[in-house]
Every structure is written in C-alpha cells, then in structure tokens.
Amino acid sequence: MRPAPTFPLAPNATIGIVGGGQLGRMSAMAAARLGYRCHVLTPEPDSPAALVSAGVTLGDYEDPAALRAFAARVDVITFEFENVSAEGLDLLASLKPVRPAPEVLRISQDRVSEKRFVNACGIATAPWLPVETPAELAAAVQRLGLPAVLKTTRLGYDGKGQAILREPTDLGPVFASLGPKPLILEGFVDYAAEISVIVARGTDGSDAAFDTVENRHRDHILDLTLAPAPIAPALATEARAIARRLAASLDLVGLLAVEMFIGPRGTVRVNEIAPRPHNSGHWTIDACPASQFELHIRAVAGLPLPPAIRYADAVMKNLVGPEETALWPDILATPGLIPHLYGKAEARRGRKMGHVTRLFPRGGLPGRFGLEAALGPLMRARQNELGLHAESAALEES
Ligand code: AMP
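Treat the numbers as computed from the prediction; the structure is a model and nothing was measured. Residue indices begin from 1 for each chain and proceed along its sequence in written order. Given that the model is predicted, a residue must reach a pLDDT of at least 70 before its local features are reported, and side-chain atom pairs must reach 80 or more before they are shown or counted; all residues, however, enter totals for whole chains, interfaces and linings. Excluding hydrogens and water, the side-chain figures rest on all heavy atoms present in the structure.

> In this structure, what is going on with the overall build of the protein? I would like to understand it.
Put simply, DSSP marks the helices as runs of H or I at least four residues long and the strands as runs of E at least two long, and each gets a number from the N terminus on. When helices and strands are tallied, the protein shows 15 helices and 17 strands. The reference for a compact globule is 2.2 Å times residues^0.38; the radius of gyration itself is calculated from the C-alpha atoms. For 398 residues, the compact-globule formula gives about 21 Å, and the C-alpha radius of gyration of the protein, at 21 Å, lands near that figure. The principal-axis extents of the C-alpha atoms in the protein amount to approximately 60 × 55 × 40 Å. Residue burial is assigned from relative accessible area. The probe radius is 1.4 Å, only protein chains are included, and a residue is buried under 20% of its type maximum, exposed over 50%, and partly exposed in between. For the protein, the residues scored as buried account for 55% of the 398 residues in total. The contacts in the protein between residues at least 6 apart in sequence include a share of 63% that link residues at least 24 apart. Working note: accessible area of the protein is about 16700 Å², and carbon and sulfur atoms make up 55% of it. The charged-residue count follows a simple rule in which Lys and Arg add positive charge and Asp and Glu add negative charge, with His and chain termini not counted at all. Charge coordinates come from a single atom per side chain, which is NZ of Lys, CZ of Arg, CG of Asp or CD of Glu. Each charge class in the protein was averaged separately, 40 positive and 43 negative side chains, and the resulting centres sit 4 Å apart. Two residues qualify as a contact provided that any one of their heavy atoms is within 4.5 Å of a heavy atom in the partner residue. Using a 1.4 Å probe, accessible areas were evaluated by the Shrake-Rupley method; residue-level cover was limited to the displayed protein chains.

See below:
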C-alpha cells in the first residue's frame, strides 16, 4: 500500500494520467522536469504518453480491475482523456485524489450540461436546444432557424459527431446519420474568428490564464494557432475573463481550455470547454517559461502556480496525417522551426502526429504572407497541393 499522498506532492511522487495520447506525453515530460514520475492508464502499449512515462497500466478505461491497478500505483490522478464513465470516475475518486474533480469532467463530457453550466455563469453560447427525436429536431429548427449545427451530446471531436443543417430537406438524413442518441441543436454562429484561452487554477484558488489565441482549422482539425490572437485587445481581455470565471465557477484544480467564437458583432460566445491540456496551447512549450503542461502538473501536484507569461509571439502548426509527416526531414532542416513529434507508429489520415512552433519577437507575429514564409516547407507543400490563391485565402486575416 502506498501511504496517503500529502500536498504539495514531494519530488519523485507518481502522477497518474488517464489516457495515453500526446497531451499525456507532453504532461509527463513537464512532470519529469519537475522531478515527478508519471504512470499512464491506456489500452495501447505504444501510446505516446506511455513511451515517456515511468510506468503504464494497460487496460480499458471502463475496466474496474484496470482502474484499481492503476490507482494503486499512483499518488494523484489526472486526465488527458476525459471520457471516462461516471462509474469509472467514482471508482477512481474513491481510491485516490482526482484532479480535476469528477464533477468537472461530468459537466464537460456532455454538450448539454456544458452549455447549461456556461449559460448559468451568465456567459453566452450559441442558442441551443436538446434533441432526441425527429419531432424534437423539427421543433428545434423552427425555433433556432437554419443554418444550424446538430451534434451528438457526447464523444464528439475534430468535427466527428456533428453536421450542418442548411435546408429543411437535410433534417431527415442528418438525424439518421447522428441519431438515435442524445443530440443538441445549435444555432449557426457566423463567426469572424475562433479563439481559445487556457487557464490553470490551483488548490488555493489562484489562477493563471495564458493570452487569448486564434485557432484556424482545416478539415475540422486544428491546423494553426496564432499567439496572441490578432483581434481587438478588448475581445482578448474579455475571453480571458470568461475562462477565469468558468474555472472559478467549476472550483477547478487543474487546467481548463475554453474554445470561443467571436460572433459577427464582436460578441464572444463559448463553444466548448475541456478540463485538460489543449492542442491550442502547445505553443506555450516554446514561448513561455512555464507551459500549459507545467501549469497542469503544478496545479495537480499542489505546487504554486507561476504567472502564464509569454516571452514571444508564436504560431503553432499541427502535423496531420502522412503528407505533413513526410515533411519531417525538411522541417528539421529549416532553421527556426521548433519540431515536436509524438512517437506514433503510423501516420494515418487525419491523425495528429506532431506539431511545429515558430517564435517571433513580442509584437512581431506576421500577417498572412509572413506566416506562409515562416512555416517554410509546411506551407510550400500546401501551395503545391491547393494552389497559391487558395492558400492565401485560407490564411486571410479575419
Ligand atoms: P466542436 O466540436 O463543437 O468544437 O465544433 C467543431 C467545429 O465546428 C468548430 O471549430 C467550428 O468551426 C464548427 N462549429 C461548431 N459549432 C458551431 C456553431 N454553432 N456555429 C458555427 N460553427 C460551428
């Protein structure tokens, strides 16, 4: 039996991470730098986090025996993957301190409870209605109008589990493709930009919020993050205030990523929250003295939180699928590109294999042509693929 942990966690204590992906990998690397060990629960032996951790429990997130074996080997439990069932979360919480608390994960796992919570905090989202039947969908479309976005309430990511309704004739086929399961209909936000804020919050209620960033997607997968977001300072400040308010209302201990839209009239609306490190915060590894991963580990371990200072402007580009991964030698040969690879064996289409960061002096984040030039081989490859004109349009400042 391990003795009950005391906080702040002493050096060499073991942090348990549920999930074996790249978010766990980069958390484990930050933990190692702070003198902690990590132990990962994952069903996959060669998962990115397991490859850099002191230990691994191989097992399913829903298997009580695996959850018990995992908990027995760690001092505190956190997540890089938040879709553990309510029963699984309760079991883990009965065995070891769990940060963030299971209730936080329950709220963020379900788009209806998430939106209800955000609205209850007095913060705007897209207008929304829960939908379970074709008749409810028709009634919801009557109220919210078209276009609208229909999403599964659970387990959606990278554009999976959602579809846009444009015409009344879309309702039947789209419901058939997503149902029958709990759904949510959201009014379509004609957004000018997608932004996000990552905030850490400690056991003592202190917090640290990184600067607001802009996120640009390609094929529903995050492609570029621009830090700071090239938006009006008042909007960036409002977005950070929203993220801090949500973290405080959740009584969070850990990290919260808040994805938001800037609507047509400059209204900030929350789209999604995730109580874990986030792809839109990877730039912090290279541009900040303490990254999102370090703040995550510090919060979970009960260490003091340093401020979320940014030394440089940055652009982060994800390496997705076989084509972009094939550029790895060119990336390594390009001065100024900071390379990160996650150790995944196979570069399947749409799979995030790594990312690249490029730093600029503060205030020096370039516009679209400068970004194209700064990302070198990555953008050259895309110009060949799409043609220069299409690429320029994709990088147009919003
Ligand atoms: P999500 O899975 O909720 O993050 O949605 C994935 C992407 O779909 C977002 O990054 C947006 O580009 C788009 N999207 C989601 N919800 C809406 C909405 N209500 N209005 C317009 N676009 C949306």
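> What am I meant to see in the packing of aromatic side chains here?
Describing an aromatic ring pair means giving the distance of the ring centres and the angle of the ring planes. Centre distance within 6.5 Å is the pairing criterion for rings of Phe, Tyr and Trp, where only the six-membered ring of Trp is used; planes under 30 degrees apart are then read as stacked, over 60 as edge-to-face, and the remainder as tilted. The final tally for this structure, using the stated rule, is three aromatic pairs. Centre to centre, the rings of Tyr61 and Phe81 are 4.5 Å apart; their planes meet at 25 degrees, and the pair counts as stacked. Taken as a pair, Tyr61 in the loop between β3 (55-58) and α2 (64-72) and Phe81 in the loop between β4 (76-79) and α3 (86-95) lie far apart in primary sequence, 20 residues in all. For Tyr61, a relative accessible area of 12% corresponds to the buried category. Accessibility expressed as a relative area gives 27% for Phe81, which makes it partly exposed. On the numbers, 6.1 Å between centres and 75 degrees between planes, the contact of Phe210 with Trp283 is edge-to-face. Taken as a pair, Phe210 in the loop between β10 (207-209) and β11 (213-218) and Trp283 in the loop between β14 (268-274) and α9 (284-287) lie far apart in primary sequence, 73 residues in all. This pair shows no difference in class: Phe210 is buried, exactly as Trp283 is.

> Even after reading the chapter, I still don't get a nonpolar patch on the surface, so can you show me in this structure?
On the surface, Met29, Leu51 and Val52 cluster together to form a nonpolar patch covering roughly 250 Å² of accessible area. Inspection of the secondary structure assignment puts Val52 in the loop between β2 (37-42) and β3. Residue classification places Val52 among the partly exposed positions, given a relative accessible area of 32%. Exposure above 30% relative accessible area and the lack of any salt bridge qualify a residue for a patch; like charges then connect within 9 Å, and the nonpolar side chains Val, Leu, Ile, Met, Phe, Trp and Tyr within 5 Å. Any carboxyl oxygen of Asp or Glu that lies within 4 Å of a side-chain nitrogen of Lys or Arg is treated as forming a salt bridge with it.

> Help me out: how do you make sense of the environment of Ala257 in this one?
Along the chain, Ala257 turns up in strand β13 (residues 254-262). Residues Ala257 and Ile15, spaced 242 residues apart in sequence, show a C-alpha to C-alpha distance of 21 Å.

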